[in-house]
Amino acid sequence: MEKFNIKRFGQTFKWLFCENSNRLLLWLLGLTLGFMMIDSFLIWSMQQVPQDVKNIQQEGIDYQTAALYGVIGFCIFIAIIVIHLGYSRIFARLKTKQKRIAYLTLPATNAERYLASLLFVLIVFPLCVLLALILGDTLRMFIFGMTGGEWQSAVPYLFKENMLFLPRFSSWNKFVAWMMDSSVLLWICSLYILGGTWFRRHAFFIVTGAIIALFIIVAVFIPRASFFIPNGSNPTTIISAIVYPLILIFIVAAIFNFWWSYKIFKRFQIITSKWTNV
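Caption draft 1: Seen up close, the overall build of the chain. Looking only at helices and strands, the chain has eight helices and zero strands in total. Start at the N end of the chain and walk to the C end: the helices and strands fall as α-α-α-α-α-α-α-α. By sequence separation, contacts in the chain at least 24 residues apart represent 77% of the contacts at least 6 residues apart. Surface accessibility of the chain: about 16800 Å² in total, with carbon and sulfur atoms responsible for 70%.

Written out as structure tokens, the structure reads:
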């Protein structure tokens with residue numbers, strides 16, 4: 001079984017989904033309640049603001065709309081953290097010897113087993129988190145409405161103003177900006193996948209610490225990099241010349257991280273060290 005077989009891959013993914021369906025359901029229920037409580041607390045706090053402040057409008061947006069934008073924005077921030085936690089737990093279910101044997105001895109190739117796990121954490125789990133966010137806000141709206149509050153949902157604002165990094169093609173500059181954001185997110189995603197493949201313990205905190213340290217180094221280096229910019233240069237032109245190579249670099253780096261993660265997965269053994277999978 002050296003060649004990739006789409007039917008066998010589908011069966012492997014189906015087995016993986018069924019094995020994790022109960023855990024996925026628990027995540028869905030827990031996150032739904034969590035988002036409901038976060039929504040309720042934030043909206044209740046904003047309702048305590050004096051009425052004269054609520055009457056103030058900025059750029060044609062009333063206070064209630066701005067409050068719903070803020071609530072859904074904060075919930076998306078929490079959702080992104082949870083999703084990246086899921087990335088770092090790509091092989092967390094293989095901590096016990098029995099589960100490791102069961103997964104590594106499936107009648108499938110290494111590529112099929114790895115891609116099944118990758119698809120699960122990249123597609124299924126984020127959809128579960130997004131569904132939990134929608135259900136949590138809907139449940140909050142229902143409770144508020146039944147107790148005499150307003151029947152207002154923040155879900156419609158979820159799909160506005162690039163909340164979900166949906167592509168906008170109104171101009172080339174906006175598309176390039178979206179590509180830049182997406183390439184950085186893809187690279188960060190690949191780092192958490194790589195960390196989750198490499199480390200058995202605390203992968204999320206190790207990768208997060210490494211990313212924070214890297215961004216601090218970059219932030220310190222950027223002011224010094226201004227010495228390399230010729231006097232009289234147009235900053236807009238310089239940024240435009242840099243952004244395209246950066247997009248390519250982040251995409252290539254992400255592909256390399258996924259490839260490295262797969263190479264580590266191919267070296268998985270039944271008995272491993274306490275901290276790493278190899």
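Additional details are given in the paragraphs that follow.
Caption draft 2: Structural detail: the packing of aromatic side chains. Inspection of the entire model under this criterion finds 20 aromatic pairs. Their ring planes at 40° and their centres at 5.6 Å tell us that Phe-4 and Phe-9 sit as a pair that is tilted. Relative accessible area serves as the criterion here: at 14%, Phe-9 is assigned to the buried category. Here the aromatic rings of Phe-256 and Trp-260 are separated by 5.9 Å at their centres, their planes lie at 50°, and the arrangement is tilted. Residue Phe-256 and its partner Trp-260 are both found in helix H8 (residues 235-266); the two are separated by four residues, about one turn of the helix. We classify Trp-260 as partly exposed; its relative accessible area is 32%. Each member of the aromatic cluster is reached from another via a ring pair, and the members are Trp-15, Phe-91, Tyr-103, Tyr-114, Tyr-262, Phe-265 and Phe-268. Its end group placed over the ring of Tyr-103, Arg-93 keeps NZ or CZ at 5.3 Å from the ring centre. Across the ring face of Phe-268, the terminal group of Arg-100 is positioned such that the distance to the ring centre comes to 4.9 Å.

Caption draft 3: Region of interest: unusual backbone geometry. One non-glycine residue, His-202, adopts positive backbone phi at about 55°. Structurally, the position occupied by His-202 is in the loop between helix H6 (172-198) and helix H7 (203-225). On the basis of relative accessible area, His-202 is assigned to the partly exposed category, the value being 48%.

Caption draft 4: Highlighting a nonpolar patch on the surface. Nonpolar side chains collect at one region of the surface, where Leu-33, Met-37, Leu-139, Phe-142, Ile-143, Met-146 and Trp-151 lie side by side and expose about 710 Å² of accessible area between them. Within the residue set of the nonpolar patch, elements represented by two or more residues are helix H1 (6-47) and helix H5 (110-146). A total of four residues in the nonpolar patch trace back to one element, the largest contributor, which is H5. For Phe-142, the location among the structural elements is in helix H5.

Caption draft 5: Local environment of the nonpolar core. Formed by 61 residues in total, the largest nonpolar core has its most connected members in Phe-35, Phe-91, Tyr-103, Val-129, Leu-133 and Ile-193. Sorting the residues of this core by element identifies H1, helix H3 (63-88), helix H4 (97-104), H5, H6, H7 and H8 as the ones contributing at least two each. Contact partners of Val-129, with chain neighbours within four places excluded, come to Leu-31, Phe-35, Ala-79, Val-82 and Ile-83.

Caption draft 6: A look at H5. When the terminal C-alpha atoms of H5 are compared, their 52 Å separation across 37 residues agrees well with the 54 Å that a helix rising 1.5 Å per residue should span. The largest bend in H5 amounts to roughly 35° and is located at Phe-120. A positive backbone phi angle near 95° is found at Gly-148, which sits one or two residues after H5.

Caption draft 7: Summary view of the environment of Phe-13. With respect to the helices, strands and loops of the structure, Phe-13 is situated in helix H1. Its relative accessible area of 18% is what places Phe-13 among the buried residues. Distance from Phe-13 to Leu-115, taken between C-alpha atoms, is 8.4 Å for residues 102 residues apart in sequence. Beyond its immediate chain neighbours, meaning those up to four positions away, Phe-13 contacts Ala-116, Leu-119, Phe-120 and Val-124.

Caption draft 8: View of a positive patch on the surface. A cluster of like positive charges, contributed by Arg-23, Arg-89, Lys-95, Lys-99, Arg-201 and Lys-274, occupies part of the molecular surface. By the secondary structure assignment, Arg-23 is in helix H1.

Caption draft 9: Looking closely at the side chain of Asp-137. You can see Asp-137 is positioned in helix H5. What makes Asp-137 buried here is its relative accessible area of 0%. Those residues in contact with Asp-137 that sit more than four places away from it in its chain are Asp-39, Ser-153, Ala-154 and Val-155.

Caption draft 10: Quick peek at the pattern of salt bridges. Under the definition given, this model contains two salt bridges. Of the charged contacts, one joins Arg-8 and Glu-112 as a salt bridge, the two residues approaching to 2.8 Å between their closest N and O atoms. Of this pair, Arg-8 sits in helix H1 while Glu-112 sits in helix H5; the two residues are 104 residues apart in sequence, bridging distant segments of the chain. One exposure class covers both Arg-8 and Glu-112, and it is buried.

Rules used throughout
- Residues numbered from 1 in each chain as written.
- Predicted model: local features only at pLDDT ≥ 70, side-chain atom pairs only at ≥ 80, totals over all residues.
- Heavy atoms only, no water.
- Helix = DSSP H or I, 4+ residues; strand = E, 2+ residues; numbered from the N terminus.
- Contact = heavy atoms within 4.5 Å.
- Areas by Shrake-Rupley, 256 points an atom, 1.4 Å probe, with all protein chains shown as cover.
- Phe/Tyr/Trp six-rings, centres within 6.5 Å; stacked < 30°, edge-to-face > 60°.
- Buried < 20%, exposed > 50% of the residue type's maximum accessible area, 1.4 Å probe, protein only.
- Lys NZ or Arg CZ within 6 Å of the ring centre and 35° of its normal.
- Patch = residues over 30% accessible without salt bridge, like charges linked within 9 Å, V, L, I, M, F, W, Y side chains within 5 Å.
- Salt bridge = Lys/Arg side-chain N within 4 Å of Asp/Glu carboxyl O.
- Core = buried A, V, L, I, M, F, W, Y, C linked by side-chain atoms within 4.5 Å.
- Expected span 1.5 Å × (residues − 1).
- Bend = angle between axes of the 7 residues up to and from the residue.
- Lys, Arg positive; Asp, Glu negative; His and termini not counted.
- Charge placed at Lys NZ, Arg CZ, Asp CG, Glu CD.

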